[in-house]
Amino acid sequence: MLDVTSILMTVAPELWLALTGLVGVLLGAIFGDRFNSFSFKFGALALFGAAALAVLHFGGGEAFGGLVRTNTFVNFAKVITFVLAGISLVIAEGFLKRHETTRYEYALLIIFASLGMGVILSAADLMTLYMGIETLSLSSYVLAAFHRDSARSSEAGLKYFVLGALASGMLLYGASLVYGFTGTTSFAGIAEAGVTTGALFGMVLMIVGLAFKISAAPMHVWTPDVYEGAPTPVVAFFASAPKMASTVVFANILFTVFGSAMDQWQIIISIIAGLSMMIGSLGALLQTNIKRLLGYSSIANVGYALVAVAAGQEFGAAALLTFTTIYAVTSLGMFAAVLSMRRRGGMVEGIGELGGLARTKPVLAIALSVLIFSVAGLPPFGGFFGKFEVLRAGLQAELIPLAVLVVISSVISLGYYLKLIKIMWFDEPTEKFEAVDLSVMATVVLTAVVAGIVFMVFISELGTGGWATFAAAGLPR
Amino acid sequence: MGGFPILSVMTFLPLAGALLVMLVRAATAGSSKGESSSQSRKAVLLAAFIISAATFVASVAAFFAFDPSVDGYQLVEQYAWYGPISYKLGIDGLSLSLVLLTTFLTPICLLASWNSIEKRVTEYVIAFLVLETFMIGVFVSLDLVLFYIFFEAGLIPMFLIVGIWGGKDRVYAAFKFFLYTLIGSLLMLIAMVYMILAAGSADFEVLEKFAFAPGIQTWLWLAFMASFAVKLPMWPVHTWLPDAHVQAPTAGSVILAGVLLKMGGYGMLRFSLPMFPDASALFQPAMFALAVIAIVYTSLVAWRQTDMKKLIAYSSVAHMGFVTLGIFAFNETGVQGAIFQMLSHGLISGALFLIVGVVYDRMHTREIAAYGGLVNRMPIYASFFMLFTMANVGLPGTSGFVGEILTMVGGFQAATWAAAGAALGVIFSAVYMLTLYRRTVFGEITNPHLNDIKDMNIVEWICIAPLAALTILFGVAPNLIFNLTDSSTARVLSLMAGGQ
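Not measured: the values here are computed from a predicted model.

1. What about the overall build of chain A?
Thinking step 1. Scanning chain A from terminus to terminus reveals 21 helices and four strands.
Thinking step 2. A compact globule built from 477 residues should have a C-alpha radius of gyration of about 23 Å, and chain A, at 21 Å, falls within 12% of that.
Thinking step 3. Viewed in the frame of its principal axes, chain A has a C-alpha envelope of about 65 × 60 × 40 Å.
Thinking step 4. Looking at chain A alone, contacts between residues at least 24 apart form 81% of all its contacts between residues at least 6 apart.
Thinking step 5. Computing the positive centroid from 25 side-chain charges and the negative centroid from 26, chain A places the two 8 Å apart.

Here's what the structure looks like:
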């Protein structure tokens, strides 16, 4: 007999998001512009609610005849991404208000994008996966172009859309090859059928498509442009929640669907990881726009995450969750700090504009410095443990060249992270930034405290032996 | 275990003090904004001085709680932290002596900043106090990852100290210092992770007994040495040091030369010898060669310097060459000498940087050519300068002599040629130090600006006099230190012999 409660509980977060999203559409249709301001609180509440629902049924389950299957591994990612998406919505309002684009569609698009993230995380079938990816992607394209009057924003959206459509095509083609050679679209079925040479082609194409979504080199080219052009709160969202969700999905598919072909994909992932680290950190060195710089830095960080993926399920799953959690929180904080860079009513994005921040806005400068040192992986901040976990996973899987690349890339990346620190602390103050929104300031400080200090002191709760290990144990063996 | 956690208190006292200073400053920021007056500046410095003095008292308490006759680590505190990583602190004679050096030099550094640091004093003392916590932490950690965290975290405050309060090329120097040190440390991190995976523990006491296969040892040794060689520094990776020293403010140079360099030597004694004995033996000739090159070559380079701080910086590299020589002699004389040399160099080079700082504060130049005839106007200064010049040369009766002679004797027992090369360095050290002294202190006053230069003031007296007293005290009674470090020297050597 069908256990309806169990099914409903399994898909509860997605169901809730779809429902609240539709209610939002209705509210928008009824109240029009009067709904604009409230929509942000509405959206944030919807997302925090979805996170709570994911916690309630953390153990996971199966629904819709195997189209959807959740476990602790994906639920862990869900909780974090929904919370981060909610926070990114809270900090967006002030920015949009100043640009006179406070429209309720923004909140609804974030909800639908998060719905897409929930679906890909729960996917246990190629069809579900593709559906989720498209929901996420289409919402993301629109979000990137949300400032439709701005040429930069429109260009970012268009670029993202064209390249994203190509990547989706690759993914779909790969999926159809896999289906053709295994005769099934279900993850479990494919894993059971084993990966034949034909399916291997499909797998490679799927990796290419997914690598685009997580902006891993050499499918990274869109990242700096989109990060630069899209409205900053949108980038804060892109760089945190979907980044984590897609990375975890990427790992989930390789571990559970193509687990038997690990020898084959390990090489590919290692190359992608190595390229991402080097291209990301070398590319960022020359950037003067802070959003481009952070875009390249996110490419490098995806490279580190992929080292954990390349280490395989046994060694890498927990490390991946630890690393991406810390990174996503830090990343959101850094973009929130970018949001506070406002002068004479307009945003400024040159890294030189941070000059003397330590004198003009000491609290912001300290918090941003902690975030930067943390993302650079310097002890004693939490980010160090993310890198530590990645190195440990890499060495356990005997990927020593990759571990060395992590080190080299970290040193190169210090070149630009230190440049930011230098500008903030050594240089003479430039003109003071305007007052920062309370929500933005709170986010920067909060993420700095969480990423820098809480994740350090309580790393045993999060990392190996803690929640990450518990969550990773949910993956099917 | 159990009892009062004296080591934790000692380690984190400066950090707590830094937070306190930060909070008080934030609370009073509104009221005292206009008058960034000398009064509030001095209040901040005084508060920091009191905090670091309290830390010194705590370390002295640890000294009295420590029993030098007992073998192994004492006052151990251990709490589970993260998987195989634990929060474990403990001291032996080696670490205690370096902790005392740190806690002794830090208050002096803060005092030395009394007149020389004008801007952003609050941030300055916070950086210094945080740095002190990290420095102490390095010496008291008994866990690989904890050690690494303190070791690497120290880069951040030092980067800020050089970069914010440094000289003209401070940014270049700060970046060079940071990146040089970082690349070495990260290689060490890979080796550490490997060791934790292999031994299943990050505890020093476990790792000391764990026998790594000789082939693996070589790689691990190299990775650790990449870090320590940069930190010590050894030729040819010493080039960050002259830049950092010259650009750093006086107090920064003192801490850099006095304590940070010693982390390299400490690391060799704590890791390279006991944990990788086979690899250490394998690389002994190479280390001797590098040590001799460092001693002879950098001494010659020091001779040709026109900048006082740069000269002393190169002389530090040469003196650290003696430390390498002593450590890799693998005998009691050599290792004892190396530890002694580290402590003595901490006092002497620290004092020399303070001596340079005294005239720099008055003249704002470090060019040797700008001085000359200082003895005519600053007789007390000249006397102190003379004492430390002699100590740096290694005159008997000063602590410099004991360290140099012991490392050379130890080196002689292991390889005659190395000791012979090092002896050449002693001669050169006399050449460059006496040249420096003659050109700055003796002769007639040629620079008219020197005519109304004042002799040392009371603050400078308080800073330099204790260093002078200790330099002589340890020179005539070296046993004060040997009593402390005897058992840890024996332990390092027995672990090494046992592991081979």
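Further notes follow.
2. So, the side chain of B:Ser399
Thinking step 1. Summarising the element assignment, B:Ser399 is placed in helix 17 (residues 399-414).
Thinking step 2. If we skip the residues at most four places from it in the chain, B:Ser399 touches B:Phe340, B:Ser344, B:Ile348, B:Thr471, B:Phe474 and B:Gly475.

3. Topic: the pattern of salt bridges
Pairing between side chains of opposite charge can happen when the charged atoms of each approach one another.
Thinking step 1. Across all of its chains, the model carries 23 salt bridges over all chains by this definition.
Thinking step 2. Taking the shortest distance from any N to any O, the salt bridge between B:Arg120 and B:Glu123 comes out at 3.3 Å.
Thinking step 3. Look at the salt bridges and you will find they share partners, linking A:Arg152, A:Glu155, A:Lys159, A:Asp225, A:Glu228, A:Lys291, A:Arg292 and A:Glu349 into a network.

4. A look at a nonpolar patch on the surface
Thinking step 1. Judged by side-chain polarity, A:Val449, A:Ile453, A:Val454, A:Val457 and A:Phe458 come together as a nonpolar surface patch covering roughly 390 Å² of accessible area.
Thinking step 2. A:Val449 sits in the partly exposed class, given a relative accessible area of 38%.

5. Considerations on the pairing of strand 2 (residues 85-91) of chain B
Strand residues, when the strand is regular, have side chains that alternate between the two faces of the sheet.
Residue and element names in this part refer to chain B.
Thinking step 1. Burial analysis of strand 2 places seven of its seven residues in the buried class, which makes it a mostly covered element.
Thinking step 2. Burial along strand 2 is two-sided: Ile85, Tyr87, Leu89 and Ile91 and Ser86, Lys88 and Gly90, pointing in opposite directions, are all buried.
Thinking step 3. The pairing of strand 1 (residues 74-82) with strand 2 spans six bridges and is classified as antiparallel. Bridge assignment links glutamine 78 to a residue of strand 2, and that residue is lysine 88.

6. Topic: the interface of chain A and chain B
Thinking step 1. Taken residue by residue, the interface counts 34 residues in chain A and 33 residues in chain B.
Thinking step 2. The contact between chain A and chain B buries some 3,200 Å² in all, and 84% of this surface belongs to carbon and sulfur atoms.
Thinking step 3. Taken together, the connections running from chain A to chain B amount to zero salt bridges.
Thinking step 4. For the side of chain A that touches chain B, the secondary-structure elements that each account for two or more residues are helix 15 (357-360), helix 17 (382-396), helix 18 (400-425), helix 19 (438-457) and helix 20 (459-462) of chain A.
Thinking step 5. Looking at which element gives the most residues to the side of chain A that touches chain B, the answer is helix 18 of chain A, with 12 residues.

7. Here's the deal with helix 14 (residues 332-363) of chain B
All names here are of chain B.
Thinking step 1. The terminal C-alpha atoms of helix 14 lie 46 Å apart, and with 32 residues this matches the ideal 46 Å at 1.5 Å per residue to within 8%.
Thinking step 2. Taking burial as the measure, the 32 residues of helix 14 include 27 buried ones, the bulk of the element.
Thinking step 3. Looking one or two residues past helix 14, histidine 364 carries a phi angle of roughly 55°, positive in sign.

8. Structural notes on the packing of aromatic side chains
All names here are of chain A.
Thinking step 1. Applying the stated criterion across every chain, the model contains 61 aromatic pairs over all chains.
Thinking step 2. For the ring pair phenylalanine 38 and phenylalanine 42, a centre distance of 6.3 Å and an interplane angle of 45° mean the geometry is tilted. Taken together, the residues span about one helical turn, with phenylalanine 38 and phenylalanine 42 both in helix 3 (residues 36-56) at a distance of four residues.
Thinking step 3. Exposure remark for phenylalanine 42: the relative accessible area of 15% places this residue in the buried category.
Thinking step 4. Between the aromatic rings of tyrosine 141 and phenylalanine 161, the centroid separation amounts to 5.2 Å while the plane-to-plane angle is 80°, which identifies the pairing as edge-to-face. Placement of the pair is tyrosine 141 in helix 6 (residues 126-144) and phenylalanine 161 in helix 7 (residues 151-182), with a sequence separation of 20 residues.
Thinking step 5. A relative accessible area of 38% places phenylalanine 161 in the partly exposed class.

9. Description of unusual backbone geometry
All names here are of chain A.
Thinking step 1. A cis amide bond links alanine 217 to the next residue, proline 218, at an omega of 0°.
Thinking step 2. As for its placement among the helices and strands, proline 218 is situated in the loop between helix 9 (197-213) and helix 10 (222-229).
Thinking step 3. In the Ramachandran plot, phenylalanine 64 falls in the positive-phi region, its phi being about 55° despite a non-glycine side chain.
Thinking step 4. Residue placement: phenylalanine 64 occurs in the loop between strand 1 (62-63) and strand 2 (68-69).
Thinking step 5. Phi is positive for serine 215, which is not a glycine, with a value near 55°.
Thinking step 6. Topologically, serine 215 is positioned in the loop between helix 9 and helix 10.

What counts, and where the lines are drawn
- Residues numbered from 1 in each chain as written.
- Chains lettered and ligands numbered in written order.
- Predicted model: local features only at pLDDT ≥ 70, side-chain atom pairs only at ≥ 80, totals over all residues.
- Heavy atoms only, no water.
- Helix = DSSP H or I, 4+ residues; strand = E, 2+ residues; numbered from the N terminus.
- Rg over C-alpha atoms; globule rule 2.2 N^0.38 Å.
- Contact = heavy atoms within 4.5 Å.
- Lys, Arg positive; Asp, Glu negative; His and termini not counted.
- Charge placed at Lys NZ, Arg CZ, Asp CG, Glu CD.
- Salt bridge = Lys/Arg side-chain N within 4 Å of Asp/Glu carboxyl O.
- Patch = residues over 30% accessible without salt bridge, like charges linked within 9 Å, V, L, I, M, F, W, Y side chains within 5 Å.
- Areas by Shrake-Rupley, 256 points an atom, 1.4 Å probe, with all protein chains shown as cover.
- Buried < 20%, exposed > 50% of the residue type's maximum accessible area, 1.4 Å probe, protein only.
- Pairing = 2+ DSSP bridges.
- Buried area = accessible area lost by both parts, 1.4 Å probe.
- Expected span 1.5 Å × (residues − 1).
- Phe/Tyr/Trp six-rings, centres within 6.5 Å; stacked < 30°, edge-to-face > 60°.

So far we have only geometry, and geometry alone does not tell us how the molecule works.
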